[in-house]
Amino acid sequence: MAPPSARRPGFSRRAQYGRFFGYVIAGAGMLFAVLLLVIAIIDPTGYNALKGAALDATKPITSGGRSVSNFFSGIGGTVGNYFNAGSQNAELKRQLQAARRGTIQARATELENQRLKALLKLAGEGDGEVAVTRVVGSSFDSVHRYATLSVGASSGVQPGMPVRAPDGLVGRVIETGRWAARVLLVSDGASNIPVRLVRDGTSAIAMGDGQGSVELKTLEVGKNPFRRGDVLVTSGVGGVYPPNIPVAIVARIEGDRAFAQPLADPSRADFAMVLRPYQPIADQPLSAETNAALTGTAQ
Amino acid sequence: MSRIAGSSSDVAWMGLRRQWVPVASTLLAALLDTLPIVATTPLVPDFAFLVLIAWRLLRPEIWPAWATLPLGLFNDLVSGHSIGESMVLWTAIFLLLELADSRTGWRDYWIDWLFAAVAILAHGFGGWFIARQMGNRAEFVILLPQLCLSVSAYPLVARMVVGLDRWRLAR
């Protein structure tokens, strides 16, 4: 005989009503939660105060055991290195060559840039860093690729600021608490970064795939401009990321598609720098004069 | 400890333990998300959901239908999901499990595991779908290793929950 259901409340009217209202509340709560999600889609930074407070509250746990996690993430790497020594050696040699090429190219670009900037008297606003900090945690059990920094609004960090490590770009701040901030990593599926191929200056967009690498999309049709070992740097288009921060190195070509590995590994980077947005003015509404000029030309 | 409560404070403590151990263990599992692990690919199971689903399959009668709403809100806040994600997914999965409970007579270890596996897959898919609506273009495939690990970690978590349950009800 099948056991009697433990959930049947018996003949008590009160228990039956109680159970019924439980379902009503659950249904209403689900609708409310869907509404919250829709609001989050329309206004992604709308809950910053609430989520920032939660970030602050959980920060002590997160930053407390960072050294332990370094130890654990080190184990996997060490064992892997032992088995992959040969192929890793070849890979490193190849990367070194690519890096050499990249350095030469970078030097040439830098010279050219200096010349052009002097010519145009143009310089990006907001050079310099806001804060130097550590990456202390990440979202490791969902489709999102977020990391947590141990600085927040009290150090001047605001949503939208780019974050870089010594090796390259890490991502962009999306939520801030008083003492902690959450970063959308380069490899998150929602991250789009305008990049430039160091070798020949081809513009592309590096789009994260959610599992640690990025796919490169370019406007050129036909020939795939990328080769293995090519280095990509930010182009400064869009005004969030300052130009010439290394982003990724091309790892694999599949026909028309190219996949690259981000250069900064947030799990290994000791420090992360929060930078000012390259041209914060780009987000602002147009000034009165510009508006007048635009409407003037339209008439 | 004696099997008979010696004082009213003992009774109060036992009552407290009986009521709050399931909730407290779920909240603690949600706090595991704030451990300082920095990973670039999803691999670690969502422990809060595993613990919750283990409690639900072990003791269906202790959960009112709305209990997942505050628990889900807590998980969303702690783990950085969009607010409302766990609230809606957990509640929906609990309601579906109620439906399944009313249709199935027999339950054993394997059926529980099967239900848990289906719930874990549905939870992963739901999370992926919501992220998709928010402009995240990651493929569902990248979640598969994590979901497989979660399904195989379920018996372990269920074993721990059974241990907690014995302690909860011990006299």
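Structural notes, computed from the coordinates. (Residues numbered from 1 in each chain as written. Chains lettered and ligands numbered in written order. Predicted model: local features only at pLDDT ≥ 70, side-chain atom pairs only at ≥ 80, totals over all residues. Heavy atoms only, no water.)

### Quick word on the interface of chain A and chain B
Then, in step 1: Between chain A and chain B, the residue contacts involve 55 residues of the former and 54 residues of the latter.
Then, in step 2: Counting the surface lost from both chain A and chain B, the interface buries some 4,600 Å², and carbon and sulfur atoms represent 66% of this.
Then, in step 3: Seen at the junction of chain A and chain B, the total is one salt bridge.
Then, in step 4: Between Arg19 of chain A and Glu98 of chain B there is a salt bridge, with its nearest N and O atoms 3.8 Å apart.
Then, in step 5: Those elements that provide at least two residues to the side of chain A that touches chain B are α1 (13–42), α2 (48–64), α3 (66–120), β2 (135–138) and β8 (203–208) of chain A.
Then, in step 6: The dominant element in the side of chain A that touches chain B, judged by the number of residues it contributes, is α1 of chain A, at 13 residues.
Then, in step 7: Residue composition of the side of chain A that touches chain B, by class: 26 nonpolar, 19 polar and 10 charged. (Contact = heavy atoms within 4.5 Å. Buried area = accessible area lost by both parts, 1.4 Å probe. Salt bridge = Lys/Arg side-chain N within 4 Å of Asp/Glu carboxyl O. Helix = DSSP H or I, 4+ residues; strand = E, 2+ residues; numbered from the N terminus. Nonpolar A, V, L, I, M, F, W, Y, C, P; charged D, E, K, R; others polar.)

### Thoughts on the sheet that holds β8 of chain A
Then, in step 1: In spatial order, the strands read β7-β8-β9-β12-β11-β10 (chain A); together these six strands close into a barrel with antiparallel pairing. The sheet shows a mean angle of 45 degrees between the axes of neighbouring strands, taken without regard to direction. (Pairing = 2+ DSSP bridges. Axes fitted to C-alpha atoms, helices over the stretch in contact; angles between N-to-C directions.)

### Section: the packing of aromatic side chains
All names here are of chain B.
Then, in step 1: Within this structure, the stated rule accounts for nine aromatic pairs over all chains.
Then, in step 2: Summarising the aromatic geometry, the rings of Tyr109 and Trp113 are spaced 6.0 Å apart at their centres and angled 55 degrees between planes, so their arrangement reads as tilted. Of the two residues, Tyr109 and Trp113 both sit in helix α5 (residues 109–133), four residues apart, roughly one turn of that helix.
Then, in step 3: For Tyr109, a relative accessible area of 46% corresponds to the partly exposed category.
Then, in step 4: Summarising the aromatic geometry, the rings of Trp110 and Trp113 are spaced 5.8 Å apart at their centres and angled 25 degrees between planes, so their arrangement reads as stacked. Of this pair, Trp110 and Trp113 both sit in helix α5, three residues apart, roughly one helical turn.
Then, in step 5: Trp113 gets classed as partly exposed once you look at its relative accessible area, which sits at 23%.
Then, in step 6: Here the aromatic cluster, defined as three or more aromatic residues joined through ring pairs, consists of Tyr109, Trp110 and Trp113. (Phe/Tyr/Trp six-rings, centres within 6.5 Å; stacked < 30°, edge-to-face > 60°. Buried < 20%, exposed > 50% of the residue type's maximum accessible area, 1.4 Å probe, protein only.)

### Description of helix α2 (residues 47–58) of chain B
All names here are of chain B.
Then, in step 1: The first and last C-alpha atoms of α2 sit 16 Å apart over 12 residues, in line with the 16 Å expected at 1.5 Å per residue.
Then, in step 2: In terms of residue burial, α2 counts as a mostly covered element, since 10 of its 12 residues are buried.
Then, in step 3: Listed as buried for α2 are Ala48, Phe49, Leu50, Val51, Leu52, Ile53, Ala54, Trp55, Arg56 and Leu57.
Then, in step 4: Close packing links the buried residues of α2 with α1 (8–31), α3 (68–79), α4 (85–103), α5 and α6 (144–169). (Expected span 1.5 Å × (residues − 1).)

### A look at the packing of α1 of chain B against α3 of chain B
Residue and element names in this part refer to chain B.
Then, in step 1: Packing of α1 against α3 brings their axes to within 9 Å, and their N-to-C directions diverge by 20 degrees. Considering the angle they form, α1 stands roughly parallel to α3. Taken as a pair, α1 and α3 cross one another with a handedness that is right-handed. For the pair formed by α1 and α3, the contact residues are Val23, Thr26, Leu27, Ala30 and Leu31 on the first element and Leu71, Phe74, Asn75 and Val78 on the second. (Parallel < 35°, antiparallel > 145°, perpendicular 65-115°, else oblique. Left-handed = near helix turned anticlockwise from the far one by under 90°.)

### Considering the pattern of salt bridges
Then, in step 1: Scanning the entire structure with this criterion turns up 15 salt bridges over all chains.
Then, in step 2: In this structure, the salt-bridge partner of Glu91 of chain A is Arg94 of chain A, at a minimum N-O distance of 2.8 Å. Remark: Arg94 of chain A and Glu91 of chain A occur in helix α3; sequence separation between them is three residues, near one turn of the helix.
Then, in step 3: For Glu91 of chain A, a relative accessible area of 29% gives the class partly exposed.
Then, in step 4: For Arg94 of chain A, a relative accessible area of 26% translates into the label partly exposed.
Then, in step 5: A salt bridge links Glu61 of chain B to Arg59 of chain B; the nearest nitrogen and oxygen atoms lie 3.8 Å apart.

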